[in-house]
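Now for the letters of each chain:
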Amino acid sequence: MGKAGKGERELQLYKAKFIIPLNQSTDSVINKVNLNIRVSGFVQGVGFRPFVSRLAKLHFQNGWVANTTDGVCISIEGLPDNQTQFLHDLKNRLPPFAEIQSLSVSQEPLTDYVGFQIQASIIDSKRSTFLLPDIATCPDCLNDLFDRSSRFYRYPFTSCCNCGPRYSIIHSQPFDRVRTSMMEFKPCDECEADYGSIENRRFHAQTIACPKCGPQLHL
Ligand SMILES: [Zn+2]
Ligand SMILES: [Zn+2]
């Protein structure tokens, strides 16, 4: 998962299909458009769905995002100008370990979504070949680890959307807690609250755990 060939990859991304109405009348500018975006690559276990949710909020898009067995599917509805920005950021402001290998966009009929949700994963017959390795503890989690006021203080299994075990705990794709070794550890109320807060670094972190609810280590 090196950075080699990144320029070439970005060029390919720019060539990716992006279909918006060509009609430049005032009506088309103020009318909402529904876009379906399918992304494959290293897009699971890297905070991709939280990233997409924040982008949707930033660019005034309603709709949903979901893991699929071969990547991530996004449906957004909003104004075309905002969608151009959304797509630009989707390609250029990725979380640290995310990498897009292919991206396709198609226009769909309007659905009149309310808000933006992370939906349950879509299981189908296609399978991704992209599996993430385990990711070393990130600087933010290291801060938590040595912060006496943090509930993660000296907790060896501290992780977030940007770090933690991936390959060593996954049973099958998509990468959701129910398909990992973390399945048996039910998050406590505080972890649930972090998991549900879009501003939190652990928003939808599948490996979220703390001393109260996660795995224990005894020497
Ligand atoms: Zn982290
Ligand atoms: Zn907890």
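Keep in mind that this is a model prediction, so the values were computed, not measured. (Residues numbered from 1 in each chain as written. Chains lettered and ligands numbered in written order. Predicted model: local features only at pLDDT ≥ 70, side-chain atom pairs only at ≥ 80, totals over all residues.)

Novice: Help me out: how do you make sense of the overall build of the chain in this one?
Specialist: Along the backbone of the chain there are six helices and five strands. Secondary structure elements of the chain occur, N-terminal to C-terminal, as α-α-β-α-β-β-α-β-β-α-α. For the chain, with 219 residues in total, the buried portion stands at 35%. (Helix = DSSP H or I, 4+ residues; strand = E, 2+ residues; numbered from the N terminus. Buried ≥ 20, exposed ≤ 12 C-beta atoms within 10 Å, placed from the backbone.)

Novice: Help me understand the pairing of strand E3 (residues 71-78) in this model?
Specialist: A regular strand places its side chains so that they alternate between the two faces of the sheet. Most of E3 is tucked away, with seven of its eight residues classed as buried. Inspection of the sheet shows strand E1 (residues 33-42) paired to E3 by seven bridges, in the antiparallel sense. By the bridge assignment, Arg38 is partnered in E3 with Cys73. Both strand E2 (residues 62-68) and E3 contribute to a ladder of seven bridges, which runs antiparallel. (Pairing = 2+ DSSP bridges.)

Novice: Hey, could you run me through the sheet that holds E3 in this one?
Specialist: Hydrogen bonds along the backbone pair up the strands of a sheet, which may run parallel or antiparallel. Overall, mixed pairing links the five strands, which are arranged E4-E1-E3-E2-E5 in an open sheet. Each edge of the open sheet carries a strand with a single partner, namely strand E4 (99-108) and strand E5 (116-118). Each neighbouring strand pair of the sheet contributes to a mean axis angle of 15 degrees, computed without reference to strand direction. Where helix H4 (residues 80-92) meets the sheet, its contacts fall on E1, E3 and E4, and the angle it forms with E3 comes to roughly 155 degrees. (Axes fitted to C-alpha atoms, helices over the stretch in contact; angles between N-to-C directions. Contact = placed C-beta atoms within 7 Å.)

Novice: Can you walk me through helix H3 (residues 48-58) in this structure?
Specialist: Each turn of an α-helix holds 3.6 residues, which means side chains three or four residues apart point in the same direction. For H3, the tally of buried residues reaches eight of eleven residues, placing the bulk of the element in the interior. When H3 is considered as a whole, its buried residues turn out to be Phe48, Arg49, Pro50, Phe51, Val52, Ser53, Leu55 and Ala56. On the buried face of H3, the contacting elements are E2, E3, H4 and E5. Looking one or two residues beyond H3, the residue adopting positive phi is Phe60, at roughly 60 degrees.

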